[in-house]
Amino acid sequence: MNKFLNKILLGDSLEYLRELPDNSIDAVITDPPYCSGGRTASEKSMLPSKKYEQTSNTTIHRPDFIGDSKDTRAWLHWCNLWISECYRVLKDSGYFLMFTDWRQLPSTTDAVQIGELIWRGIIAWDKGRGSRAPHKGYFRHQCEYVVWATKGKCRRNLHAGPFAGCYQYPVKQTDKFHLTGKPTPLMEELVQIVPEGSIILDPFMGSGTTAVAAKMHNRNFVGFERTAVYYEIANERLQNLYIKK
Ligand SMILES: C[S@@+](CC[C@H](N)C(=O)[O-])C[C@H]1O[C@@H](n2cnc3c(N)ncnc32)[C@H](O)[C@@H]1O
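The present account deals with the structure reproduced in this document.

The rules behind each value
Numbering of residues starts from 1 in every chain and runs along the sequence as written. Predicted model: local features are reported for residues with pLDDT of at least 70 only, side-chain atom pairs are reported and counted for 80 or more only, and whole-chain, interface and lining totals are derived from all residues. Hydrogen atoms and water are omitted, and side-chain values are computed over all heavy atoms in the structure. Any two rings among Phe, Tyr and Trp, with Trp reduced to its six-membered ring, count as a pair given centres within 6.5 Å; such a pair is stacked if its planes are under 30 degrees apart, edge-to-face if over 60, and tilted if neither. Every helix listed is a DSSP run of H or I at least four residues long, and every strand listed is a run of E at least two residues long, numbered separately from the N terminus. The buried label goes to any residue with under 20% of its type's maximum accessible area, the exposed label to any with over 50%, and the partly exposed label to all in between, with areas taken from a 1.4 Å probe on protein chains only. Any residue with a heavy atom lying within 4 Å of a molecule or strand is counted as near it. Under the rule applied, a polar contact is a pair of N or O atoms within 3.5 Å (in protein, one hydrogen donor and one hydrogen acceptor; residues adjacent in sequence only if both atoms are side-chain atoms). For the accessible areas, the method is Shrake-Rupley and the probe is 1.4 Å, while residue cover comes only from the protein chains on display. By the convention adopted, Pro, Cys, Tyr, Trp, Phe, Met, Ile, Leu, Val and Ala count as nonpolar, Lys, Arg, Asp and Glu as charged, and the other residues, Gly among them, as polar.

The next thing to look at is the packing of aromatic side chains. Scanning the model with the defined rule gives nine aromatic pairs in all. Aromatic side chains tryptophan 82 and phenylalanine 204 sit 4.9 Å apart centroid to centroid with 70° between the ring planes, which places their arrangement in the edge-to-face category. Here phenylalanine 204 lies in the loop between β7 (199-202) and α7 (209-216) and tryptophan 82 lies in helix α4 (residues 72-89), a separation of 122 residues in the sequence. We classify tryptophan 82 as buried; its relative accessible area is 1%.

Here we take up the site of the ligand. As a structural note, the neighbourhood of the ligand is formed by 21 residues, with Asp31, Ser207, Thr209, Glu225 and Thr227 the closest of them. In this structure, threonine 209 approaches the ligand through a side-chain N or O atom, which is 2.6 Å from an oxygen atom. Within the side chain of glutamate 225, an N or O atom sits 2.5 Å from an oxygen atom of the ligand. The fraction of the free accessible surface of the ligand (610 Å²) that becomes covered by protein chains is 99%. Across the shell around the ligand, the residue classes break down as seven nonpolar, nine polar and five charged.

This is the structure we're talking about:
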């Protein structure tokens, strides 16, 4: 485990996950590529920057990332591979939290259950009214979701909880280090589902927000990231955090 503890490693998470010991992780909190952002296969296979970057925001262009162009069936199969590994490495009663959007929500809840985890609920992340609406006939796509599950029984928590079922955090450009980065305060809330000293696994670290939040709250992390530029950004964020601490 020392090879992995409090490090973000560059490469394919599936390869690394296979090296992790059984029953060694307290919680998986992750934000994999959604492979969403369109109705048709060709729309979904566009570059993430085309799918997810707001055209009104022309000043900031964040780098693209790998792995966001699978069609729904391929995505579900791939999720099954890595979620099965997460199941194996989780301790009994360990938490599994996975971000998704409205398009992929049905496939995400399927993926979690196919992976033998017990699906327990959905947490809403309300991004507020800054979210784009294509025209006045639309309901805003204002929320993303965290599908949560446990490996077997959901034990009563002694250190904290119950936890909120809905979190409201806008995306701030100054706190966004990835094309689809999550707000640090949101991740700070989520890492606190496990006590200090616990180990949190994020196989898709992106710019490292899960790791930063974990360290801010004295939790350990294990993380992987396949896109080199984001691997570097994530490690730089961690270095800056360690310097501040
Ligand atoms: C949605 S982003 C995560 C963003 C992150 N939550 C943040 O706040 O920065 C998903 C990340 O998974 C990475 N990824 C895609 N396929 C991967 C794989 N097989 N192994 C490891 N990382 C992968 C992508 O490069 C991308 O940066």
